[in-house]
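Understanding the architecture of this molecule
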Amino acid sequence: MGNLIVKSQLEDVSVFLEGTVAKLENFLNETTLSSLKQESAGDEEYYKRVISSVRRLLVHCEDGLEACQIVLKNEIFHKAAAEKTLYKIYHQCVDEFFSPKSDCWFEDSRSAYTGKNSIKFHSGVPESISGIFRNLEKEFQSVREDLEFYETDYRTKMLQSK
């Protein structure tokens, strides 16, 4: 891919991450365990795990945004660094959104055929939690489609360099 295409993708992902970080920060700043329990009486331990996973996602998105900004601020655009950054964002942010390490939620792959949201929770969650995921899912899906190329391309380059 040309430098301009990669730079454009990095800029687009940076804008996406800025918005995502703002939404996640706002959600986490406004949400407490008490407010979740008031909203919906449910499994407190599960709520804690979900909130912890959302925090983890936020940290990955903040790290990805910082990496994008560093690469974009350089006087000389380094395509290899940009591609590596996009690869890491794909794995650390997008994968964490659809399939978190904590396994608190999962992606229902059949949702593409039904037109419904693909994020499913293992247990009931308050509307505020399901709402933030509905709000973010379309954007994450779009970024995942844009960055899937780096999944194979970056790995291929790394194997060829060995």
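Note that the structure is predicted; figures quoted are calculated from it, not measured. (Residues numbered from 1 in each chain as written. Predicted model: local features only at pLDDT ≥ 70, side-chain atom pairs only at ≥ 80, totals over all residues. Heavy atoms only, no water.)

Notes on the overall build of the protein
Inclusion rule: Note on conventions: DSSP H or I runs of at least 4 residues are helices, E runs of at least 2 residues are strands, and numbering of each starts at the N terminus. Only protein chains enter the accessibility calculation, which uses a 1.4 Å probe; a residue whose area is less than 20% of its type maximum is buried, one above 50% is exposed, and one in between is partly exposed. In what follows, residue pairs with any heavy atoms lying within 4.5 Å of each other are defined as contacts.
Counting secondary structure elements, the protein contains six helices and two strands. For the protein, the N- to C-terminal ordering of α and β elements is α-α-α-α-β-α-β-α. Residues classed as buried in the protein amount to 40% of the 162 residues present. At a minimum sequence separation of 6, the contacts of the protein that also span at least 24 residues come to 73%.

Focus on the packing of helix 1 (residues 3-30) against helix 4 (residues 79-98)
Note the threshold: Between the N-to-C directions of two axes lies an angle of 0 to 180 degrees, each axis being a line fitted to C-alpha atoms and, for a helix, fitted only over the stretch in contact. Here a crossing is taken to be left-handed if its near helix is turned anticlockwise relative to the far helix by less than a right angle, and right-handed if that turn runs clockwise. Polarity classes work like this: nonpolar for Ala, Val, Leu, Ile, Met, Phe, Trp, Tyr, Cys and Pro, charged for Asp, Glu, Lys and Arg, and polar for all others, with Gly in that last group.
Between helix 1 and helix 4, the shortest axis-to-axis distance is 10 Å and the interhelical angle comes to 40°. Relative to helix 4, helix 1 is oriented so that their crossing is left-handed. Of the residues in helix 4, those in contact with Asn3, Val6, Gln9, Leu10, Val13 and Leu17 of helix 1 are Lys79, Ala82, Glu83, Thr85, Leu86, Ile89 and Cys93. Residues of the contact of helix 1 with helix 4, tallied by class, amount to eight nonpolar, three polar and two charged.

Section: the confidence of the model for the protein
This is how it is decided: Scored between 0 and 100, pLDDT is the confidence that the predictor attaches to each residue.
Considering every residue of the protein, the mean pLDDT works out to 90; 89% of them sit at 70 or more. Looking at the elements of the protein, mean pLDDT is at its lowest for helix 5 (residues 111-114), recorded as 65, and at its highest for helix 3 (residues 44-73), recorded as 97.

Remarks on unusual backbone geometry
The backbone of aspartate 103 sits at a positive phi, close to 60°, despite the residue not being glycine. In this fold, aspartate 103 is placed in the loop between helix 4 and strand 1 (105-107). Its relative accessible area of 44% is what places aspartate 103 among the partly exposed residues.

Quick word on the pattern of salt bridges
So the rule is basically this: For this document, the term salt bridge refers to a Lys or Arg side-chain nitrogen within 4 Å of an Asp or Glu carboxyl oxygen.
Counted under the stated rule, the structure contains seven salt bridges. Note that glutamate 44 and lysine 37 form a salt bridge whose closest N and O atoms lie 3.1 Å from each other. Residue classification places glutamate 44 among the partly exposed residues on the basis of a relative accessible area of 29%. Note on lysine 37: relative accessible area 37%, which makes it partly exposed. The partner of glutamate 44 in a salt bridge is lysine 48, with the nearest N and O atoms 3.8 Å apart. Linking glutamate 44 with lysine 48, this pair stays in helix 3, spanning four residues, or about one helical turn.

Brief notes about the environment of serine 99
On the secondary structure map, serine 99 appears in the loop between helix 4 and strand 1. Spatially, the C-alpha atoms of serine 99 and isoleucine 119 are 9.0 Å apart, while their sequence positions differ by 20 residues.

Observations regarding helix 4
Keep this limit in mind: Here a helix's expected span is defined as the number of its residues, less one, multiplied by 1.5 Å. The angle between axes fitted to the seven-residue stretch ending at a residue and the seven-residue stretch beginning at it gives the bend at that residue.
Over its 20 residues, helix 4 runs 27 Å from end to end, which matches the ideal 28 Å to within 8%, given 1.5 Å per residue. Along its length, helix 4 shows its largest kink, about 30°, at tyrosine 90. Within helix 4, the full set of buried residues consists of Ala82, Glu83, Thr85, Leu86, Tyr87, Ile89, Tyr90, Cys93, Val94, Glu96, Phe97 and Phe98.

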